[in-house]
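Spelled out from the first residue to the last, the chains are:
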Amino acid sequence: MSQPGHVVVIGAGLGGVRTAEQLRTAGFEGTISLVGAEPHAPYDRPPLSKQVLTGAWTPERIVLRDHDALAELKVDTHFGVPAVALHDGAVELADGTTLRADAFVIATGADPRRLPGQPDEVHTLRTLDDSLSLRRALEGAKSLLVVGGGFIGAEVASGAVAQGLQVTVLEALPVPCERALGPEVGVLCGRLISEGGVDLRLGAKLTRFIDANTVELADGERLSADVILVGIGAAPSLEWLRREGVDTANGVACDGHGRVLGTSGVWAVGDVAAWEDPVRGRHFRNEHWTSVTDQAAVVARDIAGAEPPPETVPYFWSDQFGLKIQGIGRPELGDEVVRLKGEGLSGGAVKGTVAGYFAGGRLMGVVGFGAAKWVARYRALVAKGADRAEALALE
Ligand SMILES: Cc1cc2nc3c(=O)[nH]c(=O)nc-3n(C[C@H](O)[C@H](O)[C@H](O)COP(=O)(O)OP(=O)(O)OC[C@H]3O[C@@H](n4cnc5c(N)ncnc54)[C@H](O)[C@@H]3O)c2cc1C
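It should be emphasised that the depicted structure is a prediction, and the values quoted were computed from it without experimental measurement.

Thresholds applied
Sequence order sets the numbering: in each chain, residues are counted from 1 along the sequence as written. Local features in this predicted model are restricted to residues whose pLDDT is 70 or higher, and side-chain atom pairs enter the listing and the counts only when it is 80 or higher, whereas totals over whole chains, interfaces and linings include all residues. Heavy atoms throughout the structure, all of them, feed into the side-chain values; hydrogens and water do not. Pairing between two strands is assigned when DSSP locates at least 2 bridges connecting them. Only DSSP runs of H or I reaching four residues or more are called helices, and only runs of E reaching two or more are called strands; each is numbered from the N terminus. Comment: axis = line fitted to C-alpha atoms, over the contacting stretch for helices; angle = value between 0 and 180 degrees taken between N-to-C directions. In what follows, a contact means two residues having at least one pair of non-hydrogen atoms within 4.5 Å. As used here, the term nonpolar core means buried Ala, Val, Leu, Ile, Met, Phe, Trp, Tyr and Cys residues forming a set that is joined through side-chain atoms within 4.5 Å. The rule is simple: take the accessible area with a 1.4 Å probe, protein chains only, and divide by the maximum for that residue type; under 20% is buried, over 50% is exposed, in between is partly exposed. Boundaries of every domain are those given by an automatic assignment or by a domain database. Each of two parts loses accessible area, computed with a 1.4 Å probe, when they are put together; buried area is these two losses added. Criterion for a salt bridge: a side-chain nitrogen of Lys or Arg within 4 Å of a carboxyl oxygen of Asp or Glu. Working rule for helices: expected span equals 1.5 Å times residues minus one. Stacked, tilted and edge-to-face are the three classes applied to pairs of Phe, Tyr and Trp rings, where Trp contributes its six-membered ring and a pair requires centres within 6.5 Å; stacked means planes under 30 degrees apart, edge-to-face means over 60, and tilted covers the rest. For a ring to carry a charge above it, either NZ of a lysine or CZ of an arginine must fall within 6 Å of the ring centroid while also lying within 35 degrees of the normal to the ring plane. Only heavy atoms are used to decide nearness, and a residue is near a molecule or strand if one of them lies within 4 Å of it. We call two N or O atoms a polar contact when they sit within 3.5 Å, provided that within protein one can donate a hydrogen and the other can accept it, with sequence-adjacent residues counted only if both atoms are side-chain atoms. For accessible areas, the Shrake-Rupley method is used with a probe of radius 1.4 Å. Any residue's cover is judged against the shown protein chains and nothing else.

### Comments concerning the sheet that holds strand β24 (residues 353-359)
Line of reasoning, step 1. Strand order in the open sheet formed by 5 strands is β21-β22-β25-β24-β23, with antiparallel pairing between adjacent strands. The strands lining the two open edges of the sheet, one partner per strand, are β21 (315-320) and β23 (336-341). Neighbour-to-neighbour, the strand axes of this sheet turn through a mean angle of 20 degrees, independent of strand direction.
Line of reasoning, step 2. In the packing of helix α6 (residues 178-195) onto the sheet, contacts are made with β21, β22 (323-329), β23, β24 and β25 (362-369), and the angle to β25 comes to roughly 5 degrees.

Encoded structure:
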């Protein structure tokens, strides 16, 4: 396949920047245009709920590539102007610019989900501006209410507790992270939050906002806080992409190379993209930093006509309450959770616990709590789908 002459990457976050970089690494010599809705140079999001929020890092520290570095890569930038439509062979920007190209990569990420009736003053966290605004609000506050006990909510709660705030977390499910990690390991996430000094309310269903500082729960209880953050996940940013024949029901449906189904010359990467899952056989969004980077390499090499990169083992992490939660492989595919290391699964210390997820007797994934050394060592066993005896024997 001959290389296209011009690739337009829509979305200048992690997926967009990595795609541009990987195109050059794969030997692509044509024109690359990078379009970003935000005015900022592309930046990294994980520190937004961690070091940037607590003030440990300045925003400059999270820049992925500044304007000079993008110029060096010969990438034309259009920042602060969202794309508003994608037609055959052209993308339209909000300022009236039309960029014609023969390949397009959709990398527009996701927007935080909001609750019905959510007042504008209630915070969500996705962008640098969101993080700085939440930081300012927390500076003068004594209390924080977090709606949603997932990773981002727990990380914000962790930082706020460390700064001396009284923190409550509402989780609608019986344990946090149940969908991603299952009930047994979800219990450990919940223990980490409550043992960290947070008032964790499980099975707590918010029915309405009374105002920007007070919510009402299903049992009629009202909870107030100086600051409220809603952290209930993110929906793919697709409003701008109205195009017949493209399945956008839950992200842009793509094949296993990131090619958007129903199109030619269009790919999608990152949180906006629902790639075909070789194991489950359906389309699946994988909203983790490492998978975005991995997908960018696959797409860039596909566009450049290079060999696909070697397969990788999925990985994610979260920093909270003084330790790192790490996951490798596909824990969500496991039907049995087995203690590999530590005592957390039997009620002992959460720190040092490693859980193995098995399906059909094969190791599908591993999740560790403050156990980085072990998680790294299980990677090879997850990659080959080791059996239970081999996983338990690792010393
Ligand atoms: C607060 C936070 C903490 C996180 N922490 C972790 C972590 O600890 N570990 C982990 O594994 N993962 C973490 N993640 C997830 C990881 O950062 C994301 O998976 C990753 O940023 C997704 O990259 P992306 O390029 O798909 O989307 P994004 O990084 O969201 O980039 C998309 C970009 O596209 C732009 N855009 C949207 N619409 C348009 C348009 N119409 N035209 C042009 N541009 C547009 C957006 O403004 C945005 O800049 C975290 C995410 C957040 C938000």
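### Here's the deal with the nonpolar core
Line of reasoning, step 1. Counting residues in hydrophobic clusters, the biggest one holds 48 residues, and the most contacted among them are L86, I106 and V252.
Line of reasoning, step 2. When neighbours within four sequence positions are excluded, V252 is seen to be in contact with I106, L238, L241, V246, D247, V260, A268, V272, A273 and A274.
Line of reasoning, step 3. Judged by nonpolar contacts, the second largest core, of 40 residues, contains L128, C177, L181 and C189.

### Topic: the domain arrangement of the protein chain
Line of reasoning, step 1. Assigned domains within the protein chain: domain 1 (6-45 + 62-111 + 235-304), domain 2 (114-230) and domain 3 (322-393).
Line of reasoning, step 2. One C-alpha centre belongs to domain 2, the other to domain 3; they are set 28 Å apart.
Line of reasoning, step 3. In this complex, domain 2 contributes 10 residues to the contact, which on the side of domain 3 involves 16 residues.
Line of reasoning, step 4. The junction of domain 2 with domain 3 conceals about 1000 Å² of combined surface from both sides, 73% of it contributed by carbon and sulfur atoms.

### What to know about the pattern of salt bridges
Line of reasoning, step 1. Summed over all chains, the structure comprises 19 salt bridges.
Line of reasoning, step 2. A salt bridge links D277 to R330, with the shortest nitrogen-to-oxygen separation between them at 2.6 Å. One end of the pair, D277, is in the loop between β19 (273-276) and β20 (283-284); the other, R330, is in the loop between β22 and β23, with 53 residues separating them in the sequence. The residues D277 and R330 share a single accessibility class, namely buried.

### Some details on helix α5 (residues 151-162)
Line of reasoning, step 1. Look at α5: 17 Å from first C-alpha to last across 12 residues, which is about the 16 Å you get at 1.5 Å a residue.
Line of reasoning, step 2. For α5, the buried fraction is high: 9 of the 12 residues fall into the buried class.
Line of reasoning, step 3. Regarding α5, the residues found buried are F151, G153, A154, E155, V156, A157, S158, G159 and A160.
Line of reasoning, step 4. Two residues or fewer past α5, G164 is found with a positive phi of approximately 90 degrees.

### Quick notes on the packing of aromatic side chains
Line of reasoning, step 1. Taken as a whole, this structure holds 4 aromatic pairs when the rule is applied.
Line of reasoning, step 2. Measuring from ring centre to ring centre gives 5.8 Å for F151 and F316, while their planes differ by 35 degrees; the resulting arrangement is tilted. With F151 in helix α5 and F316 in strand β21, the pair connects residues that are 165 residues apart, well separated along the chain. Each member of the pair, F151 as well as F316, carries the same accessibility label: buried.
Line of reasoning, step 3. Consider the rings of Y315 and W317, whose centres lie 6.3 Å apart with planes at 20 degrees: the pair is stacked.
Line of reasoning, step 4. According to the relative accessible area criterion, Y315 is buried, its value standing at 18%.
Line of reasoning, step 5. The ring of W374 has K341 lying over it, and the distance from NZ or CZ to the ring centre is 4.3 Å.

### Observations regarding the site of the ligand
Line of reasoning, step 1. Among the 31 residues in the neighbourhood of the ligand, the closest are listed as G15, E38, R45, K50 and R126.
Line of reasoning, step 2. Measuring from an oxygen atom of the ligand, one finds a side-chain N or O atom of E38 at 2.7 Å.
Line of reasoning, step 3. Here a nitrogen atom of the ligand sits 2.8 Å away from a polar atom, N or O, in the main chain of A83.
Line of reasoning, step 4. Protein chains bury 92% of the 1000 Å² of accessible surface belonging to the ligand in isolation.
Line of reasoning, step 5. Taken together, the elements giving at least two residues each to the shell around the ligand come down to α1 (14-25), β2 (31-36), α5 and α7 (289-304).
Line of reasoning, step 6. Both domains that furnish three or more residues to the shell around the ligand are identified here as domain 1 (6-45 + 62-111 + 235-304) and domain 2 (114-230).

### Focus on the sheet that holds strand β6 (residues 98-100)
Line of reasoning, step 1. If you trace the 3 strands from one edge of the open sheet to the other, you get β4-β5-β6, paired in antiparallel fashion. Edge positions in the sheet fall to β4 (83-87) and β6, since each has one partner strand and no second. Taking each pair of neighbouring strands and ignoring which way they run, the sheet shows an average axis angle of 20 degrees.
Line of reasoning, step 2. The sheet contact formed by β4 and strand β5 (residues 90-93) spans 4 bridges and is antiparallel. Within β5, the position partnered with A83 by the bridge is L93.

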